[in-house]
Structure formats: structure tokens, C-alpha cells
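# Close look at the chain arrangement
So you can see what is in the structure, the chains are spelled out below.
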Amino acid sequence: MDLALNEEQQMIQDTARSFAESELAPVAAEVDSGAAARPAMLDNLRKLAELGFMGLNVSSEYGGSEAGVISFSLAISEIAKACASTAVTMSVTNMVAEVIQAVANEEQKQKYIPKICSGEYAAGGFCLTEASAGSDPAGMRTSAVREGDDFILNGSKLYITSAEYAGVFVVWAVTDKDAKKGKGISCFLVEADTPGMIIAPAEHKMGQHGSATNEVIFDNCRVPASAMMGELNQGFKIAVSELAGGRIGIGSLALGVATAAMDYGRAYVLEREQFGQPIANFQGIQWMMSEAYTDLEAARLLLMNAAYLKDQGLPFGKQASMAKLFATEKANQVCYTALQLLGGAGYLKDHPLERYARDVRITSIYEGTSEVQKIIIARELLAEAAAQQ
């Protein structure tokens, strides 16, 4: 089992690390101030697109890098070490490009994917979650009713990453209200500024302030029938499939944030002195570090395994859920540990630990909560056992 990175993967990791250190880290605290720093973040998103990071697992035919899922995971982690807000936008935008590549017709692919990969669109929007359809997306109520050559969309989507600067949205809506739950849902491509689509003001969040999170409202929003992606009433399985890939991205983001937090804490304990010596000399501190870095390494290996399976075209849903569950839960713990290493200083904005702790918290919630991941894993395990009987 060869766990070494190939030349391309190493190059992408190095490039992402260099960009994060030179371009993102110096403005990360500023970006955390929110909307006022949005121009700086958008500028960095365009630079990431120029580096090929907005279509890492997308065919070069559409402007993608064809670098694969392992490279995607590595790049997300490196970007997240410097700025989680930038990393989540990059992750979701890659997911949008991938779902279009996987499901759309050729005309739709040629129209939208190059604009995502090139940075012409600053981001892509993934519109699935609703007030009554979070962990249960099949319970969505947003509707799309056929009217001549168009569909009329009505409803709203919550917590949509990058909505206020996305160029195109992948939107799920009920097209057969009489179908069984989850069976009458279709998927649409809706361009920004389409009449009847309203982007609400950004939510005020605990962390990841630089990334806009908005409600997207559809008020008699008319889109052509040609905007449908995939088959009529077959959209829910698209969402389920793409969320599995998105979990690799969010797990990788959590790994990056937690690694940055622990690296900062490790450097601090080498310098901080108490009782006449660096606190790194104390066994209690050493054990905290040992446990944290062991958890980070385990998370990295789980993520690499899930990414490898997806790259090979093999089933990876269970492994992606395992990786996302472990990486995000442990990342929350590691950020807490890193802050604890700094003591009272870690609670101050003079150090980035409080930002890391705020930014990492959401990772165990979006793209499926930790509790949902456990349900998915158990379902897969029981199905495997039943098949062996």
C-alpha cells in the first residue's frame, strides 16, 4: 500500500501551501471581519481559479485541472490552514462544478463549467437545505411547476454558501408533489440575477465570517425547461451522491483548521516559560500534543482513503462519512486543546486560536451533521452484513 503522494499531488499541495501562506494568511484576520473585507476574499478566489483550484476534479475539456480527489483534499486542507472562509467557498464551488460535469447535458457543461473553473463566476451555489429539510433533504417544499416551455420555482433555501457572489446555482425542487417522499424532486441550473430569485442579506454567524451564507428565495422565479439538469423527478439521488463527495471537502477543511491551530499551539509552548522552563517540557503538555497530532494523522488517513476510492470510481460513501465524522469531531477537540495550550492568551484576539475554534465548529454540522454520518455508516454496515448472509 503506497501512501506517498505522486508528483502532481505533491505539486498541488505545495502550490496551495505557498498561496495560503503568501496570499491568505496575511489577510485572514481582516477577512474574518466579514462583508467589509469581501473584495479581498473575492480577489483571492479569482487567484485560486487562475491556479486551477476551482475545478480540481473536472475534465480539462471544460477548463478543469483533472487533478483528482486526493489533490482536491490536499489543497482544501492547505487553504483552510490559512483561511477557512476561503476554503469552504472553494470546496462548495468545486462540488458545484463536479455535479454539473456528472449530470448535466453537454450544452450545460460547456456553458457553465468553464465559467466556474476560470473564475468568471466567483463561486457556485448549492441550493438544497430548507427550513423543514435540513438533515432530511427529501422533505423539501420548494416547488417547480411546469408552465409551457418554462418551470416556475417557488420556495426558499437556507444557509447557502457564497450565494451573494455565486454565478450559477444548482437548485433542487419538487416537481411531482404526489410522488413518494424523495422521488418527485428535480434539479435545475439557475443563473445569478434571474428575476424572481432573491438573495437575502448574509447571516451573522459564529465563525467563517468571510464566507457569505444567505437565504435564497424563489418568488415565481421562471427558468426555461432547458435549465433542468438530469432527468425529471430523479434529482434527489443526485443530491445524495454529491453530498458524499462534499464530505471529503469539509473533512479536509476541518483537518486544515485543526492542524493550523495545533501547529500554533506547539510553537507557543516552546516559547512560553513557567516555573523556570518552557512549558513544552511538562509531560501534561506533551500528552495533549501527542493525542492531538495522532488524531490529526488518523483523520488525514481516513480522508485519503475516501478520496482514493472516489478517484478509482469505487464506492466511497461509507468511507466519506467515516472520514467526515472523525475529522470534524476531532478537529473541534484539537482546536479546543490548542487554545488550552495558550491558556488565557488563547482567548484573546491577539492570537488566531479563537478564530480557529469558531471556524471549525460548523464542520461537524454542514454537509450532514455528525449524527447523520453515524446513521449513514450504520446503514451501510448493516447492508453489508445482510448481503453476506
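Preceding block: the structure.
First, a word on scope: everything that follows refers to the structure included in this document. (Residues numbered from 1 in each chain as written. Predicted model: local features only at pLDDT ≥ 70, side-chain atom pairs only at ≥ 80, totals over all residues. Heavy atoms only, no water.)

For the chain, the count of helices and strands is 11 helices and 10 strands. Compactness check: the chain gives a C-alpha radius of gyration of 21 Å against a globular reference of 21 Å for 389 residues, within 12% of the reference. Taking the principal axes of its C-alpha atoms as reference, the chain extends roughly 80 × 60 × 40 Å. Expressed as a percentage of the 389 residues in the chain, the buried residues total 55%. Across the chain, every contact between residues at least 6 apart in sequence was considered, and the portion connecting residues at least 24 apart equals 74%. Carbon and sulfur atoms make up 53% of the accessible area of the chain, which amounts to about 17300 Å² in all. The distance from the centre of the 32 positive side-chain charges to the centre of the 47 negative ones in the chain is 6 Å. (Helix = DSSP H or I, 4+ residues; strand = E, 2+ residues; numbered from the N terminus. Rg over C-alpha atoms; globule rule 2.2 N^0.38 Å. Buried < 20%, exposed > 50% of the residue type's maximum accessible area, 1.4 Å probe, protein only. Contact = heavy atoms within 4.5 Å. Areas by Shrake-Rupley, 256 points an atom, 1.4 Å probe, with all protein chains shown as cover. Lys, Arg positive; Asp, Glu negative; His and termini not counted. Charge placed at Lys NZ, Arg CZ, Asp CG, Glu CD.)

Right, let's talk about the environment of Ala267 for a bit. Mapped onto the fold, Ala267 is located in helix α7 (residues 236-271). In this structure the C-alpha to C-alpha distance between Ala267 and Gly368, which are 101 residues apart in sequence, comes to 34 Å.

This brings us to the pairing of strand β5 (residues 185-191). Put simply, side chains in a regular strand alternate between the two faces of the sheet. Within β5, six of the seven residues are buried, leaving the element largely enclosed by the surrounding structure. Examined bridge by bridge, strand β4 (residues 166-174) and β5 share seven bridges and lie antiparallel to one another. Bridge pairing links Trp172 to Cys187 in β5. Judged from the two bridges that link them, β5 and strand β8 (residues 228-229) form a sheet pairing that is antiparallel. (Pairing = 2+ DSSP bridges.)

Next up on the list: helix α6 (residues 106-118). Between its first and last C-alpha, α6 extends 18 Å over 13 residues, near the 18 Å set by a 1.5 Å rise per residue. In α6, a bend of some 25 degrees at Tyr112 exceeds every other bend along the element, and Pro114, a proline, comes one to four places later. Within the sequence span of α6, burial applies to Gln108, Lys109, Tyr112, Ile113, Ile116 and Cys117. For α6, the N-terminal cap is Asn105; the gap from its side-chain oxygen to the backbone nitrogen of Glu107 is 3.2 Å. Phi turns positive one or two residues past the end of α6, at Gly119, with a value near 90 degrees. (Expected span 1.5 Å × (residues − 1). Bend = angle between axes of the 7 residues up to and from the residue. Polar contact = N/O pair within 3.5 Å; in protein donor to acceptor, adjacent residues only side chain to side chain.)

Looking at soluble globular proteins, one finds that nonpolar side chains tend to be buried together. By size, the foremost hydrophobic cluster in this structure holds 107 residues, and its most contacted members are Ile79, Met90, Ile100, Val170, Trp172 and Leu253. The dominant element in this core, judged by the number of residues it contributes, is α7, at 17 residues. Beyond its immediate stretch of four places on either side in the chain, Val170 contacts Val96, Val99, Ile100, Gly125, Phe126, Cys127, Cys187, Phe188, Leu189 and Met229. (Core = buried A, V, L, I, M, F, W, Y, C linked by side-chain atoms within 4.5 Å.)

Glancing now at the packing of aromatic side chains. One pass over the structure, following the stated rule, counts three aromatic pairs. Look at Phe275 and Phe282: their rings are 6.2 Å apart centre to centre, the planes differ by 85 degrees, and that puts the pair in the edge-to-face class. With relative accessibility at 76%, the residue Phe275 sits in the exposed group. On the basis of relative accessibility, which here comes to 27%, the residue Phe282 falls in the partly exposed class. (Phe/Tyr/Trp six-rings, centres within 6.5 Å; stacked < 30°, edge-to-face > 60°.)

Evaluated as defined, the whole model comprises 19 salt bridges. Note that Glu78 is salt-bridged to Arg17, the shortest N-O span being 3.0 Å. A residue pair is termed long-range when its members are at least 10 positions apart, and Glu78 in helix α4 (residues 69-82) and Arg17 in helix α1 (residues 7-24) qualify at 61 residues. Look at Arg17 and you get partly exposed, because its relative accessible area is 28%. Through salt bridges with shared partners, one network takes in Asp14, Arg17, Glu78 and Lys81. (Salt bridge = Lys/Arg side-chain N within 4 Å of Asp/Glu carboxyl O.)

As a further point, take the environment of Pro201. By the secondary structure assignment, Pro201 is in the loop between β6 (197-199) and β7 (213-224). Its relative accessible area of 69% is what places Pro201 among the exposed residues. Considered as a pair, Pro201 and Glu164 are 37 residues apart in the sequence and their alpha carbons are 8.1 Å apart.

Put simply, α4 and helix α5 (residues 84-103) touch, their axes get as near as 6 Å, and they point 155 degrees apart. In terms of orientation, α4 and α5 fall into the roughly antiparallel class. In this structure, α4 uses Phe72, Ala75, Ile76, Ile79, Ala80 and Ala82 to contact α5, whose residues at the interface are Ala84, Thr86, Ala87, Met90, Ser91 and Asn94. Broken down by class, the residue content of the contact of α4 with α5 amounts to nine nonpolar, three polar and no charged. (Axes fitted to C-alpha atoms, helices over the stretch in contact; angles between N-to-C directions. Parallel < 35°, antiparallel > 145°, perpendicular 65-115°, else oblique. Nonpolar A, V, L, I, M, F, W, Y, C, P; charged D, E, K, R; others polar.)

A few words now on unusual backbone geometry. Its identity is not glycine, yet Tyr159 carries a phi of approximately 60 degrees, on the positive side. As for its position among the elements, Tyr159 is in strand β3 (residues 150-161). In the Ramachandran plot, Ser162 falls in the positive-phi region, its phi being about 65 degrees despite a non-glycine side chain. Turning to its location among the elements, Ser162 is positioned in the loop between β3 and β4. What makes Ser162 buried here is its relative accessible area of 0%.

This part is about the packing of α7 against helix α9 (residues 317-342). Close contact between α7 and α9 brings their axes to 8 Å; oriented N to C, the two are set at 20 degrees. Here α9 runs roughly parallel to α7, going by the angle between their axes. Of the two elements, α7 crosses α9, and the hand of that crossing is left-handed. Its residues assigned to classes, the contact of α7 with α9 comprises 19 nonpolar, six polar and two charged. (Left-handed = near helix turned anticlockwise from the far one by under 90°.)

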